[in-house]
Amino acid sequence: MVFSRRGGLGAQDLLLSLLLLAAWEMGSGQLHYSIPEEAKHGTFVGRIAQDLGLELAELVPRLFRMASKTHGDLLEVNLQNGILFVNSRIDREELCGRSAECSIHLEVIVDRPLQVFHVEVKVKDINDNPPVFRGREQIIFIPESRLLDSRFPIEGAADADIGVNALLAYTLSPSDYFSLDVQSSDEVSKSLWLELRKSLDREETPELRLLLTATDGGKPELQGTVELLITVLDVNDNAPLFDQAVYRIHLLETTANGTLVTTLNASDADEGVNGEVVFSFDSGISHDIQEKFKVDSSSGEIRLIDKLDYEETKSYEIQVKAVDKGSPPMSNHCKVLVKVLDVNDNAPELAVTSLYLPIREDAPLSTVIALITVSDRDSGANGQVTCSLMPHVPFKLVSTFKNYYSLVLDSALDRESLSVFELVVTARDGGSPSLWATASVSVEVADVNDNAPAFAQPEYTVFVKENNPPGCHIFTVSARDADAQENALVSYSLVERRVGERALSSYVSVHAQSGKVYALQPLDHEELGLLQFQVSARDAGMPPLGSNVTLQVFVLDENDNAPALLAPRVGGTSGAFSELVPRLVGAGHVVAKVRAVDADSGYNAWLSYELQPAAGGARIPFRVGLYTGEISTTRVLDEADLSRYRLLVLVKDHGEPALTATATVLVTLVESGQTPKASSRASVGVAGPEAALVDVNVYLIIAICAVSSLLVLTLLLYTALRCSAPPTEGACAPGKPTLVCSSAVGSWSNSQQRQQRVCSSEGPPKTDLMAFSPGLPPSLNTSERNEQPEANWDLSGNPRQPNPDWRYSASLRAGMHSSVHLEEAGILRAGPGGPDQQWPTVSSATPEPEAGEVSPPVGAGVNSNSWTFKYGPGNPKQSGPGELPDKFIIPGSPAIISIRQEPTNNQIDKSDFITFGKKEETKKKKKKKKGNKTQEKKEKGNSTTDNSDQ
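Residues numbered from 1 in each chain as written. Predicted model: local features only at pLDDT ≥ 70, side-chain atom pairs only at ≥ 80, totals over all residues. Heavy atoms only, no water.

- Going by an unreviewed UniProt entry, the chain carries the name Protocadherin alpha subfamily C, 2 and comes from Macaca nemestrina.

### Re the overall build of the chain
Turning to step 1, where the next piece is worked out: A count of helices and strands for the chain gives eight helices and 61 strands.
Turning to step 2, where the next piece is worked out: Burial analysis of the chain (950 residues in total) assigns 43% to the buried set.
Turning to step 3, where the next piece is worked out: Contacts in the chain between residues far apart in sequence, at least 24 positions, make up 66% of those at least 6 positions apart.
Turning to step 4, where the next piece is worked out: Here the chain displays about 49200 Å² of accessible surface, and carbon together with sulfur accounts for 55% of that area. (Helix = DSSP H or I, 4+ residues; strand = E, 2+ residues; numbered from the N terminus. Buried < 20%, exposed > 50% of the residue type's maximum accessible area, 1.4 Å probe, protein only. Contact = heavy atoms within 4.5 Å. Areas by Shrake-Rupley, 256 points an atom, 1.4 Å probe, with all protein chains shown as cover.)

### Considerations on the state of the cysteines
Turning to step 1, where the next piece is worked out: Inspection of the entire model under this criterion finds one disulfide.
Turning to step 2, where the next piece is worked out: One disulfide bridge connects C96 with C102, the sulfur atoms lying 1.9 Å from each other. Taking the sign of the S-S torsion, about 70 degrees here, the bridge from C96 to C102 comes out right-handed. (Disulfide = S-S within 2.5 Å.)

### A short note on unusual backbone geometry
Turning to step 1, where the next piece is worked out: R112 connects to P113 through a cis peptide bond whose omega is -5 degrees.
Turning to step 2, where the next piece is worked out: Structurally, P113 is set in the loop between β6 (103-110) and β7 (115-124).
Turning to step 3, where the next piece is worked out: Here the amide bond leading from K219 into P220 is cis, since omega sits at 0 degrees, within 30 degrees of zero.
Turning to step 4, where the next piece is worked out: Even without a glycine there, the phi angle at L63 is positive, about 55 degrees.

### Details of the sheet that holds strand β51 (residues 660-670)
Turning to step 1, where the next piece is worked out: Taken together, the four strands give an open sheet; going across it, the order is β44-β51-β50-β47, and neighbouring strands pair in mixed fashion. Only two strands of the sheet have a single partner each, and these edge strands are β44 (576-582) and β47 (607-611). Taken over all neighbouring pairs, the strand axes of this sheet differ in orientation by 30 degrees on average, direction set aside.
Turning to step 2, where the next piece is worked out: Alignment of strand β50 (residues 644-653) against β51, held across nine bridges, turns out to be antiparallel. Looking across to β51, one finds that L647 is bridged to V665. (Pairing = 2+ DSSP bridges. Axes fitted to C-alpha atoms, helices over the stretch in contact; angles between N-to-C directions.)

### Section: the pattern of salt bridges
Turning to step 1, where the next piece is worked out: Applying the stated rule across the entire model yields 25 salt bridges.
Turning to step 2, where the next piece is worked out: For R62, the salt bridge goes to E58, with nearest N and O atoms at 3.7 Å.
Turning to step 3, where the next piece is worked out: For E227, the salt bridge goes to R209, with nearest N and O atoms at 3.3 Å. Taken as a pair, E227 in strand β14 (residues 223-233) and R209 in strand β13 (residues 207-215) lie far apart in primary sequence, 18 residues in all. (Salt bridge = Lys/Arg side-chain N within 4 Å of Asp/Glu carboxyl O.)

### With respect to the sheet that holds strand β5 (residues 83-86)
Turning to step 1, where the next piece is worked out: Read across the open sheet, the three strands follow the order β2-β5-β4; overall the sheet is antiparallel. Because the sheet does not close on itself, it has two edges, and the strands there are β2 (44-47) and β4 (75-78). Each adjacent strand pair in this sheet contributes to an overall mean axis angle of 25 degrees, direction not counted.
Turning to step 2, where the next piece is worked out: In this structure, β4 lies alongside β5, joined through four bridges in antiparallel fashion. Its bridge partner lying in β5, N78 is registered against I83.

### Section: a nonpolar patch on the surface
Turning to step 1, where the next piece is worked out: Side chains of L710, V712, L713 and L716 sit close together on the surface and give an oily, nonpolar patch of about 380 Å² of accessible area.
Turning to step 2, where the next piece is worked out: Within the element layout of this structure, L716 appears in helix α5 (residues 675-724).
Turning to step 3, where the next piece is worked out: Judged by relative accessible area, L716 falls into the partly exposed class, the value being 48%. (Patch = residues over 30% accessible without salt bridge, like charges linked within 9 Å, V, L, I, M, F, W, Y side chains within 5 Å.)

### Digging into the side chain of H118
Turning to step 1, where the next piece is worked out: Tracing the chain through its elements places H118 in strand β7.
Turning to step 2, where the next piece is worked out: Residue classification places H118 among the buried positions, given a relative accessible area of 5%.
Turning to step 3, where the next piece is worked out: If near-sequence neighbours (up to four positions away) are discounted, H118 is found in contact with Q30, L31, L106, E107, T400, F401 and Y404.

### What about the packing of aromatic side chains?
Turning to step 1, where the next piece is worked out: Inspection of every chain in the model, using the stated rule, returns eleven aromatic pairs.
Turning to step 2, where the next piece is worked out: Centroid distance F242 to F279: 6.1 Å. Interplanar angle 55 degrees. Geometry classified as tilted. Of this pair, F242 sits in strand β15 (residues 241-242) while F279 is found in strand β19 (residues 277-281), placing the two residues 37 residues apart along the sequence.
Turning to step 3, where the next piece is worked out: Judged by relative accessible area, F279 falls into the buried class, the value being 6%. (Phe/Tyr/Trp six-rings, centres within 6.5 Å; stacked < 30°, edge-to-face > 60°.)

### A closer look at the pairing of β13
Turning to step 1, where the next piece is worked out: Relative to β13, strand β10 (residues 169-172) is paired through four bridges, and the arrangement is antiparallel. Within β13, the position partnered with T171 by the bridge is T213.
Turning to step 2, where the next piece is worked out: As defined by bridge partners, β13 adjoins β14 across nine bridges and the pair is classed as antiparallel. Across the sheet, T213 pairs through a bridge with T225, a residue of β14.

### Observations regarding the nonpolar core
Turning to step 1, where the next piece is worked out: With 29 residues, the main nonpolar core has I474, Y492, V508, L531, F533, V535 and L551 as its most contacted residues.
Turning to step 2, where the next piece is worked out: Those elements that provide at least two residues to this core are β33 (459-465), β34 (472-476), β36 (490-494), β39 (508-510), β40 (516-519), β41 (530-539) and β42 (546-556).
Turning to step 3, where the next piece is worked out: The contacts of F533, once residues within four sequence positions are left out, are L494, R497, L504, V508, V517, V549, T550, L551 and V553.
Turning to step 4, where the next piece is worked out: Core analysis: the next-biggest nonpolar cluster, separate from the first, contains 27 residues, L52, L59, V77 and F117 among them. (Core = buried A, V, L, I, M, F, W, Y, C linked by side-chain atoms within 4.5 Å.)

Laid out in structure tokens, this is it:
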């Protein structure tokens, strides 16, 4: 609110003018208010919160504050209504002196976010200072001999106000002798002269008293008076005269002491003592001028005696008086104006305030970090300051107002790349040569949890021997977090899952701080060959970040299982058995066969057979196959040979150390005439086991049929659901994984699951035939295998080839008598674009020419009970690529398995399936009577027995 203490414009006009002025200057980035000086406490200045666009409710929460370098207590803000008001008396003359412009510069700072506003309050001058003369009276000596129109200088008044309020008008009281002559120059002050209008006569009028009145131009007008005492002298009627009334001098502020400023020249028309002139400063000269300059009383030289400073005083006005030595003395005055020229002798000044540190590395761009204020006491180009920042990234300086800068964020921060920035702000002026100043700002970047713990590799392979001690250390995982402090504290834990019927945590544990992995119990290769699990690393940040690493723990086999002997027939024992051999047999005749298995794998399960020498070193006519276990004659037996031999066969594996088992074979030599009886007895003895084996096979067929029926029903239900559901994937999209189990002798891993899709352009995809094997460790159930689909893929991303072996249980295999062979598996090829899959070539196991045979691999152990099927030599037909065999049989069982495929152009999506039947139904359409079936079975049993003896 603008007002005048002694009158002025109307309140409404002034308020309207003030609002228009404030609205105009708001566009320049600074608020401007104006207020008259001498305003009372509480005088309204402006609604600063509203003008700055701030809500009243946010002034206190955002820490609204106002600061000023030198006059912070003159104005205040009411935080309740946002009004800027006068807090204490404002005296413009005391605040700014005689400066034409007088303003109070305020900085308004609010936080959250940090903002700085600049407010300028202009203090208007009011006419509160009357003109003031230096003294109450001025004494003037005038000789009576002075001529008319002679002029006598008198001292004027001074007004502390400015502008119109300081414009003085002088009036002189009425007089017949003198009139007032006022001369204006380009200076603020005016030259006053008394001009003689009537000759003086000391005898008539020895002295005169006149009243000089000074009136300013303010409203209302203020006045000041001084009394002029004029004494009329009778002698020395010529005063000294200067050659010029005003001397103008320019000096650099760096001018050295003792420099001659100027030489005054004054002359006196009188002669003798009355013509001698003495120079001196006027009695009313300021003390500052007396300290800076001196005048030689005789020569009139003015010299500099102290340093000049443009920033303190820009000009000096020196009044010099010339007085002669007459009686009474006469004097005259001149004015010397000394203007000080600025020199770039002040370096810029920097002040860094309101540091907002440390700064988070996820701080948004343009975030204010610090406020920087620069100043230079010089003027003009010497005082024009520019700021620069090194380095330039990721920060920049933004000029908010004249000589005010904000240090803001210019690009994204990354504490992991650089955590502390050492910035140098340089302020340089425009002088020549230029001066500069620097300020260092250290900006610390606060960490944000933006980096998850990282392992050196995504997967580790660990080899652990079985039968390890409980609690042994098997591996150490380590993850590194690039963050700092709690964001880099990594803890480890297991990703829990089920392994068979047990939890993963019952097998292994991981130390939360060190990452050491411990085996909690002894591992058994025969039970669990591969243990695959994940370890999670998680930091302590908010929110926490984590990553997983996969550990594949291969349990290495140790030779901890001795060979186990198998009974040759039902009802026999695994340690000893007897055989009847005709006495007259040729060399190489197979007498018996020792069968043994080893629960270990690899070399630990590779068995060899040795015949122990007889007691007393006697030679025996028998030998045993090193790897087959077949006991055969070494020569033709004759009458000289003993009738009964007790053979000790040592079965030994290849482990370290090797484990052994001993089998006792009693071989009885019989006469040729006794052979049929023995055979007959053997047939009778075999009938019982054969019947038991048939019963076992019947149960096996029933179980296979039940499982196959469930599989067919499941496939039909799945096909129906797929046909009824809307298609969401392509014809070759991967389906739900199906379990395929296999194992290999000597391998350290178990295949877990795989599914191959047959993709064809003619019809929907088909699923390959999946073969299930009991070779998988019993601790892995179906749900756990589904959790590890990645185990079926090799390192190159291609699916692993399944083991071509067809698995049977050890009990079923023990009852099957066939020669040991290892044949090459065929290939089951998928549709166009599908992968190839190993598949056994199969044929019927009948004794017919086109029939084939089935045999286990060499050195098979308990877990290596695979069988290979091949076509017989009489039938060259082999399954071609992409084909499946028509049918195959299970040796020792009357069942056959037929495989049928739908044509590729069939519109119904049916999976390949298996049918079961009797062997007799697959023979070459031989019509046999029901009464002959029993004889055929017996013949087949005898044939099987003969094959085992050969």
